[in-house]
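# Residue-level structure breakdown
One letter stands for each residue in the lines below.
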Amino acid sequence: MRRRLPAVALALGIALALLAASPALAAGYRYWSFWDGSAGGQWSYATQGPSMARPADGAVQGFRFSVSKDAAAQAAQPRAAADFETVCGATTPTEGTKRVALVIDFGVPADAPTGDAPPEAAPRTACAQVAPEATTAEALASVAKPLRYNSAALLCAISGYPKQGCGDQVAESSAAPEPSAAPESGGPSAGLLAGIAAVAALAAAGVWQSRRRSR
C-alpha cells in the first residue's frame, strides 16, 4: 500500500494536467429553430415542426438561424417581437383564408457557415395569407422561397440561406483565450505547466508519506 502512494499521486497529477491543458468543449448546432409567438410579443420554442404545425388565423410564427443548443432554454430566439398587428395589421382579412405573421431572422455573420453570409442583417417579417388548413411550412413557402429540406424533413434553408449544410454540429470552446497571452512556438501551455507542477507536488507528498510510515 505504501509503495502505491507515489504511483497514485502521479496518476492523479497526470489527470489534472490533462484537464488543465484541454479546453472544455460544448457541442452546438447550426440550424433554423422554430418558435411560436405568444401574448406580449414573447417567443416559446415550438413543440412540433413547421410541416406539422397548423396555426390559426392571427398566429405568429418565428424562425431564427444560429449556432446554439438544441434546447428551448438555450436556443437563440428571433430578434423581433412576436407582434401580429405589426406584421399583418395592414393585411385585410379575406374569406376562406387565414393570416399568419412570420418573423424570419437570418442571424448574425458569426453564425454563418464558411463562405456564406446572412442575406439580411435585420429580421424579415411577412404576412402569409393562406388556406385555413395550411401548415406553417406552407405559409413560409408562400413568402420566403426557396426552402430546402433534408431527407428527414428538417428545414435546412429559408430563401436559399444557407446554401449548404443542415443542422451541422459545431464544437464551441468554452475556454476564452487570455487577451495578453501570446502563443510561444514549441513551448508548453500554461495549463500543461500547471499540471506538471501538480504532478511533482503530489508525487513528493506521496514519497514523504511513504517514508514517514516506514519509520
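Residues numbered from 1 in each chain as written. Predicted model: local features only at pLDDT ≥ 70, side-chain atom pairs only at ≥ 80, totals over all residues. Heavy atoms only, no water.

## Here's the deal with the overall build of the chain
The condition that has to hold: Secondary structure is summarised from DSSP: a helix means a run of H or I of at least four residues, a strand means a run of E of at least two, and numbering begins at the N terminus for each. Partly exposed describes any residue whose relative accessible area lies between the buried limit of under 20% and the exposed limit of over 50%, with all areas from a 1.4 Å probe on protein chains only and scaled to the type maximum. Contacts: residue pairs with any heavy atoms within 4.5 Å of one another. All accessibility values rest on the Shrake-Rupley procedure with a 1.4 Å probe; residue burial counts only the protein chains present in the view.
Each helix and strand counted, the chain has four helices and eight strands in total. Each helix and strand of the chain, placed in order from N terminus to C terminus, yields the pattern α-β-β-β-α-β-β-α-β-β-β-α. The proportion of buried residues among the 215 residues of the chain is 33%. Look at the contacts in the chain between residues 6 or more apart in sequence, and 68% of them connect residues 24 or more apart. In the structure as shown, the chain presents an accessible area of about 12500 Å², 57% of it carried by carbon and sulfur atoms.

## Description of the pattern of salt bridges
Put simply, the test is: Salt bridges are defined as contacts in which a side-chain nitrogen from Lys or Arg sits within 4 Å of a carboxyl oxygen from Asp or Glu.
Applying the stated criterion across every chain yields a total of five salt bridges. When the shortest N-O distance is used, the salt bridge between Arg 99 and Asp 57 registers 3.8 Å. Residue Arg 99 is found in strand β4 (residues 98-105), and its partner Asp 57 is found in the loop between β2 (43-45) and β3 (59-68); the two are separated by 42 residues along the sequence. On the basis of relative accessible area, Arg 99 is assigned to the buried category, the value being 13%. The residue Arg 64 makes a salt bridge to Asp 105 at a minimum N-O spacing of 3.8 Å. Taken together, the positions of Arg 64 in strand β3 and Asp 105 in strand β4 put the pair 41 residues apart, joining distant regions of the chain. Summarising the burial analysis for this pair, Arg 64 and Asp 105 share the class buried. Connected through salt bridges with shared partners, the residues Arg 64, Arg 79 and Asp 105 form a single ionic network.

Just geometry here; none of it tells us what the structure is for.
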